[in-house]
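Chain by chain, the residues:
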Amino acid sequence: MNDTYRPTMEDVARVAGVSRTTVSFVLNNRDGARIAPETRDRVQQVAAELGYRPHGGARALASRRSSLIGLVSEIVTSPFGAATIRGIQDTVRRAGYTLFIVPTSTEAAMDSEAFETLLKSRVEGIIYATGWNCRVRMPAQAREIPTVLVHCIDPVSGLPCVRPDEEQMGRLAAQALLEGHHRDIGVIELDPNDGEAAPGRRVGCEAYLEQAGIPWSTVRVAVGHGTTRGGYAAAARLLTDHPWLTGLVCGNDRMAMGAYDAIREQGLRVRDDVAVIGIDDQELIADQLHPALTTVALPFEEMGQVAASHLLALMEGEEVPAETLLPGQIIRRSSAWHP
């Protein structure tokens, strides 16, 4: 071997049969890395056998790292923002980073300013998160630094994104209703032209009902536009036009809350006469309604965790999936009969 040859971290990773990130975490004693003891031993042994030594320049560069990760988001004050931010913050903190949050809106100019602020602060990666599942257009600065999207997608840039599996949300909502053996069903949808959630949830709900022997042509559908007032109006219309309905699937918890009022105004009881299912598991609604709302919880905290993990991997030069869809979970309460 040439006397001037210096083994690299990539050499250690190749011989040890692990990723470069694993080698970096082991040799730099990175806190919070979940690496098996036998893997640590193997990496250290290979590094010793190859004579690996950290390059002085690399150590100096590392010492100038900011250890900052940026979050650009409109969700700071949203009902679900805390869970997403908690997932991000816990993950980056375990990896030795501090989260720098810059609030923004959906305006492109503000997004560009937020990215510029973070780049000037020498963050090492950026997470961009929205409060609803939508399409976005990332500013040019997003291509200058590792960036991961949460709860949104940018088809133009193709940046990696982490989103809820909306079709699965629709399937779970239909499943929760059918547990009570309902056949006469109404669906109150989000605006189908507003974001990615409504189309996905309809596809999932329709597929599940069809598999259960309930043709979509027999399901009564109204649009509630995602609001409590809209949910009330849609439920009132459905129950007036189709008084035999015994179950309502609502595209979010706010519309379900409005449906409660419509059901009661018609002299009916939630669950006993008309079962109601929501989607979101919004803390200030689902648990507080009477009876408490059966709903499908979105994976907000997990989205934050996975997005942060993907960003850390990108920062180490690893590849991550272009799109990650995460499942929801039925939260069974008292607004529908369950076995």
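Residues numbered from 1 in each chain as written. Predicted model: local features only at pLDDT ≥ 70, side-chain atom pairs only at ≥ 80, totals over all residues. Heavy atoms only, no water.

A. Up close: the packing of aromatic side chains. Applying the stated criterion across every chain, the model contains 2 aromatic pairs. Look at Phe-80 and Phe-300: their rings are 4.3 Å apart centre to centre, the planes differ by 10°, and that puts the pair in the stacked class. Of this pair, Phe-80 sits in the loop between strand S1 (68-73) and helix H5 (81-94) while Phe-300 sits in helix H12 (residues 300-315), and the two are 220 residues apart along the sequence. With relative accessibility at 7%, the residue Phe-300 sits in the buried group. Positioned over the ring face of Trp-337 is Arg-271, at 4.5 Å from the centre of the ring. (Phe/Tyr/Trp six-rings, centres within 6.5 Å; stacked < 30°, edge-to-face > 60°. Helix = DSSP H or I, 4+ residues; strand = E, 2+ residues; numbered from the N terminus. Buried < 20%, exposed > 50% of the residue type's maximum accessible area, 1.4 Å probe, protein only. Lys NZ or Arg CZ within 6 Å of the ring centre and 35° of its normal.)

B. How the structure looks around the pattern of salt bridges. Inspection of every chain in the model, using the stated rule, returns 13 salt bridges. Residue Glu-196 pairs with Arg-135 through a salt bridge whose shortest N-O separation is 3.3 Å. Here Glu-196 is found in the loop between strand S6 (185-189) and helix H8 (197-211), whereas its partner Arg-135 is found in strand S3 (residues 126-135), with 61 residues between them in sequence. Assessed through its relative accessible area of 24%, Glu-196 is described here as partly exposed. On the basis of relative accessible area, Arg-135 is assigned to the exposed category, the value being 56%. The residue Arg-332 makes a salt bridge to Glu-179 at a minimum N-O spacing of 2.6 Å. Pair noted here: Arg-332 is in the segment after strand S12 (329-331) and Glu-179 is in the loop between helix H7 (166-178) and S6, with a separation of 153 residues, a long-range link. Connected through shared salt-bridge partners, Arg-269, Arg-271, Asp-272 and Asp-273 make up one network. (Salt bridge = Lys/Arg side-chain N within 4 Å of Asp/Glu carboxyl O.)

C. Looking closely at the packing of helix H9 (residues 228-241) against helix H10 (residues 253-265). The N-to-C vectors of H9 and H10 enclose an angle of 45°; their axes lie 6 Å apart at closest approach. Looking at the two axes, H9 sits oblique to H10. H9 and H10 meet at a crossing whose hand is right-handed. On the side of H9, the interface is formed by Thr-228, Gly-231, Tyr-232, Ala-235, Ala-236 and Leu-239, while H10 contributes Arg-254, Met-255, Met-257, Gly-258, Ala-259, Asp-261, Ala-262, Ile-263 and Glu-265. When its residues are assigned to classes, the contact of H9 with H10 shows 9 nonpolar, 3 polar and 3 charged. (Axes fitted to C-alpha atoms, helices over the stretch in contact; angles between N-to-C directions. Parallel < 35°, antiparallel > 145°, perpendicular 65-115°, else oblique. Left-handed = near helix turned anticlockwise from the far one by under 90°. Contact = heavy atoms within 4.5 Å. Nonpolar A, V, L, I, M, F, W, Y, C, P; charged D, E, K, R; others polar.)

D. Examining the sheet that holds strand S2 (residues 98-103) more closely. Pairing in this open sheet of 6 strands is parallel, and the strands run S2-S1-S3-S4-S5-S11 from one edge to the other. Among the strands making up the open sheet, the edge pair consists of S2 and strand S11 (323-326). Averaged over all adjacent pairs, the angle separating strand axes in this sheet is 20°, with direction ignored. Here S1 runs beside S2; their pairing, made up of 6 bridges, is parallel. Within the sheet, the bridge partner assigned to Ser-73 lies in S2 and is Pro-103. Where H5 meets the sheet, its contacts fall on S1, S2, S3 and strand S4 (147-153), and the angle it forms with S2 comes to roughly 150°. (Pairing = 2+ DSSP bridges.)

E. How the structure looks around the packing of H7 against H8. Across the interface, H7 lies against H8 with an axial gap of 6 Å and an inter-helix angle of 45°. Judged by the inter-axis angle, H7 sits oblique to H8. Considering how the two elements wind past one another, H7 and H8 form a crossing that is right-handed. When H7 is examined against H8, the residues Glu-166, Glu-167, Met-169, Gly-170, Arg-171, Ala-174, Gln-175 and Leu-178 are found in contact with a partner set consisting of Ala-197, Gly-200, Arg-201, Val-203, Gly-204, Cys-205, Tyr-208 and Leu-209. Grouping the amino acids of the contact of H7 with H8 by side-chain chemistry returns 8 nonpolar, 4 polar and 4 charged.

In short, geometric facts, not functional conclusions.
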